[in-house]
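Below, each chain spelled out in residue letters.
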Amino acid sequence: MAIFLKQSKYKNGKTYLSIVNGFYDSTTKNSKQITLEKIGFLENLLNEYEDPISFFTEKAKNLNLKRLQENKITETIDLDEELDDSDFTSNIGYGFIKFIYNELGINSFLKSKQK
């Protein structure tokens with residue numbers, strides 16, 4: 001998935017700008033785009049912005065960085081913490097992977113694919 005500035009050329013020679021999110025749809029095996037923001041015709045934007053293409057390209061880039069930062073999962077582990085004897089009855093290494101598995105919802109995804 002990537003957010004970018006799309007420039008659509010019309011038959012009358014005008015260029016329309018929009019910010020879109022491009023992604024690959026695995027069910028139809030095609031790339032698709034969803035319009036996030038309709039900006040307007042380039043000719044009209046030249047009155048408001050000195051260089052509208054670079055301005056909105058930078059805006060799309062910032063939206064993409066923001067989306068990537070929101071999708072990060074961080075977990076802190078205290079390596080100095082002491083475990084009592086009851087903690088050794090299960091596989092400790094499995095706990096972190098199980099946390100990520102449940103956080104991402106992989107189990108529900110796989111169940112829906114099986115149906």
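Residues numbered from 1 in each chain as written. Predicted model: local features only at pLDDT ≥ 70, side-chain atom pairs only at ≥ 80, totals over all residues. Heavy atoms only, no water.

### Thoughts on the overall build of the protein chain
Cut-off, in case you're wondering: Numbering of helices and strands runs from the N terminus, with a helix taken as a DSSP run of H or I at least four residues long and a strand as a DSSP run of E at least two residues long. Residue exposure (1.4 Å probe, protein chains only): buried if accessible area is under 20% of the type maximum, exposed if over 50%, otherwise partly exposed. Under the convention used here, a 1.4 Å probe and the Shrake-Rupley method define accessible areas, while residue burial counts only the protein chains that appear. Positive residues here are Lys and Arg, negative ones are Asp and Glu, while His and the chain termini are left out of the count. The atoms used to mark charge sites are NZ of Lys, CZ of Arg, CG of Asp and CD of Glu.
Scanning the protein chain from terminus to terminus reveals four helices and three strands. The buried share of the protein chain, taken over its 115 residues, is 17%. With the model as given, the accessible surface of the protein chain reaches about 9,700 Å², and the carbon-plus-sulfur share is 52%. With 16 positive and 17 negative side-chain charges, the protein chain shows a separation of 20 Å between the mean positions of the two kinds.

### Focus on the sheet that holds strand β3 (residues 30-41)
Selection rule: Should DSSP find at least two bridges between two strands, the strands are regarded as paired. With axes taken as lines fitted to C-alpha atoms, and helix axes fitted only over the stretch in contact, angles between N-to-C directions fall between 0 and 180 degrees.
In spatial order, the strands read β1-β2-β3; together these three strands make up an open sheet with antiparallel pairing. Every interior strand has two partners, whereas the edge strands, β1 (2-9) and β3, have only one. Direction aside, the axes of adjacent strands within the sheet are offset by 35° on average. Looking at chain direction, strand β2 (residues 15-25) and β3 are connected through 10 bridges and run antiparallel. Across the sheet, the residue bridging to Tyr-16 is Phe-41, located in β3.

### Thoughts on the pairing of β1
Examined bridge by bridge, β1 and β2 share eight bridges and lie antiparallel to one another. The partner of Phe-4 across the bridge, within β2, is Val-20. Where β1 hands over to β2, the hairpin turn is made up of five residues, of which Gly-13 adopts a positive phi near 95°.

As far as function goes, none of this settles anything; it's purely spatial.
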